[in-house]
Amino acid sequence: MTAFAAIVSRDVRLAFRAGGGSLQGALFFAIAALIFALAIGADIAILSRLAAPILWACALLSTLVSLERIFQADAEDGSLDVIVETADPLEVAFLAKAAAHWLTASLPLIVAAPVIGVLLNLPAERFAPLIVSLLVGTPALSLIGALGAALTLSLKRAGVLVTILVAPLYAPALIFGVAASGGPDAPMAASALLFLGAATMFSLIIATLAGAAAIRMNMN
Amino acid sequence: MAFITDYANPEKFERLARPLTPVLASLAAALAALGLYFALFNSPADYQQGESVRIMYVHVPAAWMALFCYTAMAAASAAGFIWKHPLADVAAKTTAPIGAVFTALALITGSLWGKPMWGTWWAWDARLTSVLILFFLYLGYIAIWEAIEDKTRAAKIAAIVAIVGFVNVPIIRFSVDWWNSLHQPASVIRADGPSIHSSMLTPLLLMGAAYMAAYAAMLLVSMRTELAARRLARLERLQSERVSGVRAE
């Protein structure tokens, strides 16, 4: 538990201090939403209907671009060696890295989501379901993403490869997340939220086991 | 078990695979010829779909093989990961491109069938969508093999990718089914009948067997090629060491 807390607090401090670039994630999120709005057009009715799906797609995209840094910097400066040596079991360290990623990459954009929601004319009654669905679903994105980062940590430029590996596995979280946030037509939101929770729980098990194995394979 | 460990030796595998390759290839050709005869000349046109039902005989076995190859790839990856069987990694690696081609074939023939049936080349139908995601999973697996230079490490990392993908396939399938039931466009006519008549089942099963034999033949050829390529790389390294007198890393 102490190892878990130590890794999380270290990563969070590194991300929020000078040069950590954690707020860049939220900025990317906002710019991605702007791109969607420019591509779709200024029609308020269409944007308002698509606001929740757009915000989910933007959350997914900004998670994808932030994955590379989870293990790469630590692998380069040798701190990952120390983590592998000292964290017992390694699964705890992987979970801590994924949790730190969620706190530094996903939480800022969940905070930013209502503001972007206003810009996209998200209907008032959709704000709460959107935030809840992001809170339940983004941990799955961080966990599977951290697995992708662990698989490619020995590579120099892994950004595109991580996206190719991880994006197909994001399909369930995206589908249930959009549906739980109300989707374009808001049917079946309650069961979608339960399935989204199940997808997050499942990722917790699979990604942690596979991610720790991937770090072991890459470090020796 | 003794059989499996025996053929961990590439030389022994080569002795078995070399004569087996033409046998399997001719079996595939014979089965395909017979199956295509039944499919094109000796089976009825569908009362609803007309002659275009015949696309099914090349399409459905391709979709079966898409799933079968992914399962085989994951099983071989697990065997390589757990028992460190040297040929299992080779089998998993060489299955991937074959499986990806079967998947592409299923997508293309499905699209050709969709044009006359649905009036569109592509519908975001649950099956089409989940096969498309499967195709991307194959490409990701191939990409990770390409990206990692050290082949022993690449084998282990790719094995994790294959196993994680395999575990997720049913979940992706379920979520896509669920998504499709929300957004199913009304224009799409679901044409699949209640059950299949034996006059259609015979060519379908024959074609399935032909695809399977073709997969086995192609797998043996590409495994032998991969083993030969690795042997060549090893010999070239030894050669350059002897010339330069320096032991390469």
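Topic: the environment of Pro19 of chain B
Residues and elements named next belong to chain B. Relative to the helices and strands, Pro19 is located in helix H2 (residues 10–40). We classify Pro19 as exposed; it has 8 C-beta atoms within 10 Å. Through-space distance from the C-alpha of Pro19 to that of Ala216 is 13 Å; in sequence the pair is 197 residues apart.

Focus on helix H7 (residues 198–244) of chain B
Look at H7 of chain B: 68 Å from first C-alpha to last across 47 residues, which is about the 69 Å you get at 1.5 Å a residue. A positive backbone phi angle near 75 degrees is found at Gly245 of chain B, which sits one or two residues after H7 of chain B.

Some points on the confidence of the model for chain B
The predicted model of chain B has a mean per-residue pLDDT of 85, with 88% of residues at 70 or higher. The ipTM, which scores confidence in the relative placement of chains, is 0.90 for this predicted complex, and the corresponding pTM is 0.89.

Some points on unusual backbone geometry
Even without glycine at this site, Asn121 of chain A takes up a positive phi of about 65 degrees. One can find Asn121 of chain A in the loop between helix H6 (90–119) and helix H7 (127–151). A positive phi angle, close to 55 degrees, is found at Lys84 of chain B, a residue other than glycine. For Lys84 of chain B, a count of 13 C-beta atoms within 10 Å corresponds to the partly exposed category.

Description of the interface of chain A and chain B
Accessible area lost upon the coming together of the parts is a frequently used measure of interface size. Tallying the contact residues gives 24 residues for chain A and 24 residues for chain B. Listing elements by their share of the side of chain A that touches chain B, those giving two or more residues are H7, helix H8 (159–166), helix H9 (171–180) and helix H10 (189–219) of chain A. The greatest single-element share of the side of chain A that touches chain B, amounting to seven residues, is contributed by H10 of chain A. Here the side of chain A that touches chain B is composed, by residue class, of 21 nonpolar, three polar and no charged.

Cut-offs used in this document
- Residues numbered from 1 in each chain as written.
- Chains lettered and ligands numbered in written order.
- Predicted model: local features only at pLDDT ≥ 70, side-chain atom pairs only at ≥ 80, totals over all residues.
- Helix = DSSP H or I, 4+ residues; strand = E, 2+ residues; numbered from the N terminus.
- Buried ≥ 20, exposed ≤ 12 C-beta atoms within 10 Å, placed from the backbone.
- Expected span 1.5 Å × (residues − 1).
- pLDDT = per-residue confidence, 0-100.
- Contact = placed C-beta atoms within 7 Å.
- Nonpolar A, V, L, I, M, F, W, Y, C, P; charged D, E, K, R; others polar.

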